[in-house]
Amino acid sequence: MQPTLASLVHHSALKLTVRAGEDRLDAPVRWAHASELADPVPYMEGGELLLITALKLDAEDPEAMRRYVKRLAGAGVVGLGFAVGVHYPDIPKALLDAATDADLPLIEVPRRTPFLAISKAVSAAIAAEQYRAVTAGFAAQRELTRQALSDGPEGLLLALAGQVDGWAALYDASGAVVAAAPEWATRRAARLTADVERLRERPAPASSVVAGAEDRVELHSLGTGRRPRAALAVGTASTLGTAERYAVHSAIALLTLTTERSRALHAAERRIGAAVLRMLLAGEPDHARTVAGDLYGSLLDAPFRLVVAEVASASAARVRVGADDTGEGGKGPGTASAAVLAAVAHAAGGGVPLAGLVDVVEAAAARSGEALLVVPYGERLVLLVVDGGAGVRACAEYAAALEAGRGTAGRDAAVSGEEAELVMGLSAPAGPIAAATAYKQAEQALSVARRRGRALVEHEELAAGSVLPLLADDAVRAFADGLLRALHEHDATGRGDLVASLRAWLSRHGQWDAAAADLGVHRHTLRYRMRRVEEILGRSLDDPDVRMELWLSLKATSMGSD
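Residues numbered from 1 in each chain as written. Predicted model: local features only at pLDDT ≥ 70, side-chain atom pairs only at ≥ 80, totals over all residues. Heavy atoms only, no water.

Enquirer: Let's hear about the overall build of the protein: which residues, and what values?
Expert: Counting its regular elements, the protein contains 19 helices and 15 strands. Burial statistics for the protein: of 562 residues in total, 47% are counted as buried. Long-range pairs, those at least 24 residues apart, make up 65% of the contacts in the protein between residues at least 6 apart in sequence. Summed over all atoms, the accessible surface of the protein reaches about 27,300 Å², with 54% contributed by carbon and sulfur. (Helix = DSSP H or I, 4+ residues; strand = E, 2+ residues; numbered from the N terminus. Buried < 20%, exposed > 50% of the residue type's maximum accessible area, 1.4 Å probe, protein only. Contact = heavy atoms within 4.5 Å. Areas by Shrake-Rupley, 256 points an atom, 1.4 Å probe, with all protein chains shown as cover.)

This is the structure:
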């Protein structure tokens with residue numbers, strides 16, 4: 001252990017005697033230093049045992065000694081050693097009284113004990129403590145390694161918590177708690193999600209300290225890439241000692257190796273997943289099942305959904321944000337977990353949106369024990385998730401958080417320039433035989449999401465809703481304006497109201513009397529106006545395709561003017 005005043009006093013070879021401050025001998029001694037300066041404080045760092053002979057001190061002046069002792073105590077000096085029989089046969093009463101009043105330990109050093117012997121004793125004790133700490137650190141490393149190999153990260157965390165006499169927790173890439181030891185620490189660790197996210201925004205390796213009322217927590221990023229793969233939290237009652245620091249550094253190294261090994265395995269699994277997806281889309285479910293094996297086989301045994309995600313420009317994504325839509329939209333921002341909000345915030349702060357989605361969905365699937373297939377597909381990302389499972393819920397939650405962020409910050413961000421935002425399309429439930437159809441459904445939903453400015457659209461919404469919101473597309477509006485321009489120009493001259501008459505006639509399915517009544521004109525007047533529409537447009541209203549185009553054009557232009 002670190003040397004203290006008590007251990008020096010009990011050192012049989014030094015023959016030291018305590019003359020004042022007996023109740024403060026447990027103070028650790030950082031070093032023993034001899035100085036005859038009248039004011040050695042500028043050269044003190046705190047924690048020293050100061051050794052003097054009072055060569056340049058007026059040790060019999062009470063006022064001078066009070067000032068001297070007060071400055072030493074204020075500088076953090078833990079004790080004063082006075083050599084008797086050199087300049088003074090005994091410790092002067094003025095110095096003894098001043099030390100007693102200040103409660104500063106005053107130790108009598110006999111003539112036959114040189115100051116060098118005391119310094120050597122302190123140095124030897126410090127070296128022994130350092131050796132003990134290094135030895136304990138190596139022992140901790142061996143124990144942590146054994147636990148990591150036998151019980152994985154959970155065993156390593158349990159061993160680490162014991163080594164530091166505190167708790168430890170592991171976070172995944174999304175900032176969610178993966179494991180904690182002891183069990184009660186899970187709730188404490190969950191309160192640090194925001195701090196973990198701030199750590200992930202810094203280049204690895206990174207660390208930070210969170211000091212709370214109940215403990216002191218160190219956070220360390222894990223991984224060797226630009227984006228940390230995980231984070232370690234270690235909570236203790238006080239600052240870590242040397243041996244505990246060795247244990248924490250060993251845990252960081254072992255967990256980093258684990259995450260990097262997992263990354264390599266993950267990459268291999270994704271290559272298998274890409275082959276499985278290609279076979280499914282090629283209509284070869286049997287071959288896909290064979291390749292999937294135990295890795296993805298369970299995913300193909302139950303209904304699944306396909307998610308197709310891509311990054312669209314922010315301006316396109318915001319075209320319809322806030323507009324009335326027939327879809328239900330995402331869940332409110334309050335339903336998003338802290339980990340999802342953190343991932344969205346990271347993406348908004350310059351992170352990669354697709355990577356943020358992968359982190360959230362993979363973490364959700366891992367926590368629920370679900371199989372998940374994630375495949376980069378060109379500039380898109382394809383996910384095969386269990387129908388009704390945690391992966392689907394994570395996608396919806398992530399989309400809700402994205403839309404909430406766009407709603408609050410979209411206008412300011414749009415001013416700063418073009419950004420990238422995530423859009424997703426979700427298929428209906430399907431099986432291996434219908435995978436190609438599910439992919440087409442997800443693509444259709446993705447296209448609608450892009451046009452509507454939605455983060456996520458389910459294919460089932462398309463059939464349940466209306467086709468009219470699709471008319472908000474700029475290309476459709478341009479077509480409608482071009483088709484009806486001649487009629488609007490005619491009406492602008494005051495020679496009749498052809499556009500309103502056409503709308504009334506089409507809404508009444510070509511019934512002359514009903515449409516004329518709606519307009520308040522004679523049916524012959526309405527017939528004349530419809531002939532003028534045909535003449536101006538050069539199209540026959542008897543053609544159902546023409547009537548359909550005109551009706552949709554009228555709807556598109558009316559939506560644009562609302």
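Having seen it, we continue.
Enquirer: For helix α6 (residues 193–200), give the residues involved together with the corresponding values.
Expert: Helical periodicity: at 3.6 residues per turn, an α-helix aligns residues three or four positions apart in one direction. Most of α6 sits inside the fold, with six of its eight residues counted as buried. Listed in full, the buried residues belonging to α6 are Thr193, Asp195, Val196, Glu197, Leu199 and Arg200.

Enquirer: Summarise the packing of helix α16 (residues 498–507) against helix α18 (residues 523–537); cite the residues concerned and give the values.
Expert: Their axes nearest at 10 Å, the elements α16 and α18 cross at an angle of 105 degrees. The angle between the axes of α16 and α18 places the two elements in the roughly perpendicular class. Contact residues: α16 offers Leu498, Ser501, Leu502 and Trp505, while α18 offers Leu526, Arg529, Met530, Arg532, Val533 and Ile536. Of the residues assigned to the contact of α16 with α18, the class counts are seven nonpolar, one polar and two charged. (Axes fitted to C-alpha atoms, helices over the stretch in contact; angles between N-to-C directions. Parallel < 35°, antiparallel > 145°, perpendicular 65-115°, else oblique. Nonpolar A, V, L, I, M, F, W, Y, C, P; charged D, E, K, R; others polar.)

Enquirer: Kindly report on the pattern of salt bridges, identifying the contributing residues and their values.
Expert: A complete count under the given rule lists 28 salt bridges for this structure. Here glutamate 549 and arginine 539 are joined by a salt bridge, their closest N and O atoms 2.7 Å apart. Here glutamate 549, found in helix α19 (residues 544–561), pairs with arginine 539, found in the loop between α18 and α19; they are 10 residues apart in sequence, far enough to count as distant. Judged by relative accessible area, which is 27%, glutamate 549 ranks as partly exposed. The exposure class assigned to arginine 539 is partly exposed, which follows from its relative accessible area of 31%. Here the salt bridges do not stand alone but share partners, grouping Arg188, Arg191, Glu214 and Asp215 into one network. (Salt bridge = Lys/Arg side-chain N within 4 Å of Asp/Glu carboxyl O.)

Enquirer: So what's going on with helix α15 (residues 474–492)? Residues and values would help.
Expert: Where α15 bends most, the angle comes to about 50 degrees, and this point is leucine 484. Ala480, Leu483, Leu484, Leu487, His490 and Asp491 are the residues of α15 that are buried. Immediately downstream of α15, the backbone of glycine 494 shows phi near 80 degrees, a positive value. (Bend = angle between axes of the 7 residues up to and from the residue.)

Enquirer: Could you give an account of the packing of α15 against α16, naming the residues involved and the relevant values?
Expert: Where α15 meets α16, the axes come as close as 8 Å, and the angle between the chain directions of the two elements is 125 degrees. Classified by the angle between their axes, α15 and α16 sit oblique to one another. Together, Leu487, His488, His490 and Asp491 of α15 and Leu498, Val499 and Leu502 of α16 make up the contact between the two elements. Of the residues assigned to the contact of α15 with α16, the class counts are four nonpolar, two polar and one charged.

Enquirer: Report on the sheet that holds strand β1 (residues 17–20), specifying residues and quantitative values.
Expert: A sheet is described by the order of its strands in space; here five strands give the open sequence β1-β5-β4-β3-β2, paired in mixed fashion. Edge strands, defined here as strands with exactly one partner in the open sheet, are β1 and β2 (31–34). Recorded for the sheet is a direction-independent mean angle of 30 degrees between the axes of neighbouring strands. Note that strand β3 (residues 48–52) and strand β4 (residues 79–83) share four bridges and pair parallel. Along β4, the bridge assignment pairs leucine 49 with glycine 79. In this fold helix α4 (residues 115–164) packs onto β2, β3, β4 and β5 (106–109), with an angle of close to 160 degrees to the strand it touches most, β2. (Pairing = 2+ DSSP bridges.)

Enquirer: Give a detailed account of the packing of aromatic side chains, specifying residues and quantitative values.
Expert: On inspection of all chains with the given rule, the structure shows two aromatic pairs. A centroid spacing of 6.2 Å and a plane angle of 50 degrees characterise the contact between phenylalanine 82 and tyrosine 88, whose relative ring orientation is tilted. The interplanar angle of 40 degrees and the centroid separation of 5.5 Å between the aromatic rings of tryptophan 505 and tryptophan 512 together place this pair among those described as tilted. A relative accessible area of 7% places tryptophan 505 in the buried class. (Phe/Tyr/Trp six-rings, centres within 6.5 Å; stacked < 30°, edge-to-face > 60°.)

Enquirer: So what about a nonpolar patch on the surface? Which residues, and what values?
Expert: Side chains of Ile272, Val291 and Leu295 sit close together on the surface and give an oily, nonpolar patch of about 200 Å² of accessible area. Inspection of the secondary structure puts leucine 295 in helix α8 (residues 285–300). (Patch = residues over 30% accessible without salt bridge, like charges linked within 9 Å, V, L, I, M, F, W, Y side chains within 5 Å.)

Enquirer: Could you give me a rundown of the sheet that holds strand β10 (residues 230–236), with the residues and numbers involved?
Expert: In spatial order, the strands read β7-β6-β10-β9-β8; together these five strands make up an open sheet with antiparallel pairing. The open sheet terminates on both sides in strands that have one partner only, identified here as β7 (177–181) and β8 (207–211). Along the sheet, successive strands turn relative to each other by an average axial angle of 15 degrees, direction set aside. By the bridge criterion, five bridges tie strand β6 (residues 167–171) to β10 in an arrangement that is antiparallel. Counted as the bridge partner of tyrosine 171 is alanine 231 from β10. Strands β6, β7 and β10 of the sheet are contacted by α4, whose axis makes an angle of about 150 degrees with β6. This element, α6, spans β6, β8, β9 (216–222) and β10 of the sheet and lies at about 40 degrees to β9.

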